[in-house]
Amino acid sequence: LFAGGAVRTSNDWVDYHDAWILDLDHVGTVRYEWVPTSDIPFATNHLSAVTARDGSGASRIYFMGGQKGHDEGDSEIDDLYDFVPGMDTWVKRANMPITRGHASSSTIDYGCGFIIIGGTQRGKGQVTDISYYDTVTDTWTNIGNLPKNVNTPVCDISLDVRGEDWLYCETGKFEGYSYKRKINTGWDQQG
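Residues numbered from 1 in each chain as written. Predicted model: local features only at pLDDT ≥ 70, side-chain atom pairs only at ≥ 80, totals over all residues. Heavy atoms only, no water.

Among the nonpolar cores identified, the biggest contains eleven residues, and these are Val50, Ala52, Tyr62, Met64, Leu80, Met96, Ala103, Phe114, Ile116, Tyr133 and Trp140. Of all the secondary-structure elements, those providing two or more residues to this core are strand 4 (48-53), strand 5 (59-64) and strand 9 (113-117). Ignoring sequence-local partners within four residues, the contact set of Leu80 consists of Tyr62, Phe63, Met64, Val91, Lys92, Arg93, Ala94, Asn95, Phe114, Tyr133 and Trp140. (Core = buried A, V, L, I, M, F, W, Y, C linked by side-chain atoms within 4.5 Å. Buried < 20%, exposed > 50% of the residue type's maximum accessible area, 1.4 Å probe, protein only. Helix = DSSP H or I, 4+ residues; strand = E, 2+ residues; numbered from the N terminus. Contact = heavy atoms within 4.5 Å.)

Here's what the structure looks like:
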């Protein structure tokens, strides 16, 4: 599925509501074609998307945040919707606790929800917030902060040999360093 985005014109960005589905169920047996679906409820660019389980265990696709137009750090939004492909429907969920864009590489499926890390916030520029969204309760919780302001971090979760969850983040404004932390604990600098 592809949703949202912008097209740069000569002097500005034009945000779009367009959304399409690419069916991958028949890999190698049919020609792949993008099929238009109902428009995303908010036109934006630099939004985040993640597939996460809901309370019934079914996978849903969640789209959130992003920015309007070209002004990074001044036009981010806090909307959250999930898309139900079989019903071609968008469902409004609880807004993010802060406006946020530029976090597409740091939005991660986790438990019955997802984590979104860093990005940019309207009026504040780069942010350190790490937020968890619970798909069952439709609520957000701040679970920590990055050690430094980061515009576009690249993050993921990995298990260590003891089976503990570690969150790893790199790039952004980390000045060549990588950071890791056990979920809900402090940061360790790597390299």
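This brings us to the side chain of Asp82. Inspection of the secondary structure puts Asp82 in strand 6 (residues 80-84). Taking relative accessible area as the criterion, Asp82 reaches 0% and is therefore assigned buried. Here Arg93 takes part through its side chain, which lies 2.5 Å from a polar atom of the side chain of Asp82. Setting aside residues no more than four positions away along its own chain, Asp82 makes contact with Arg60, Ile61, Tyr62, Thr89, Trp90, Val91 and Arg93. (Polar contact = N/O pair within 3.5 Å; in protein donor to acceptor, adjacent residues only side chain to side chain.)

With that settled, the discussion passes to the packing of aromatic side chains. Geometry of an aromatic ring pair is reported as the spacing of the ring centres plus the angle between the planes. Taken as a whole, this structure holds nine aromatic pairs when the rule is applied. Ring geometry for Tyr110 versus Tyr132: centroids 6.4 Å apart, planes at 85°, classification edge-to-face. Residue Tyr110 is located in the loop between strand 8 (107-109) and strand 9, and its partner Tyr132 is located in strand 11 (residues 125-134); the two are separated by 22 residues in the primary sequence. With relative accessibility at 22%, the residue Tyr110 sits in the partly exposed group. Looking at Tyr132, the relative accessible area reads 16%, which means it is buried. Sitting over the ring of Tyr81, Lys92 keeps its end group 5.1 Å from the ring centre. (Phe/Tyr/Trp six-rings, centres within 6.5 Å; stacked < 30°, edge-to-face > 60°. Lys NZ or Arg CZ within 6 Å of the ring centre and 35° of its normal.)

Okay, the sheet that holds strand 5 next. Pairing is antiparallel across the open sheet formed by four strands, whose spatial order is 4-5-6-7. Two strands close off the open sheet at either side, each with one partner strand: strand 4 and strand 7 (89-92). With strand direction ignored, the average angle separating the axes of adjacent strands in the sheet is 30°. Here strand 6 runs beside strand 7; their pairing, made up of four bridges, is antiparallel. Counted as the bridge partner of Phe83 is Trp90 from strand 7. (Pairing = 2+ DSSP bridges. Axes fitted to C-alpha atoms, helices over the stretch in contact; angles between N-to-C directions.)

The next thing to look at is the pattern of salt bridges. With the rule as written, the count across this model stands at five salt bridges. Close ionic contact of Arg60 with Asp82 constitutes a salt bridge, the shortest N to O distance being 2.7 Å. Here Arg60, found in strand 5, pairs with Asp82, found in strand 6; they are 22 residues apart in sequence, far enough to count as distant. A relative accessible area of 15% means that Arg60 is categorised as buried. In this structure, Asp79 and Lys92 form a salt bridge, with 3.9 Å as the shortest nitrogen-oxygen distance. With Asp79 in the loop between strand 5 and strand 6 and Lys92 in strand 7, the pair connects residues that are 13 residues apart, well separated along the chain. In this structure Lys92 comes out as partly exposed when scored by relative accessible area, which is 37%. (Salt bridge = Lys/Arg side-chain N within 4 Å of Asp/Glu carboxyl O.)

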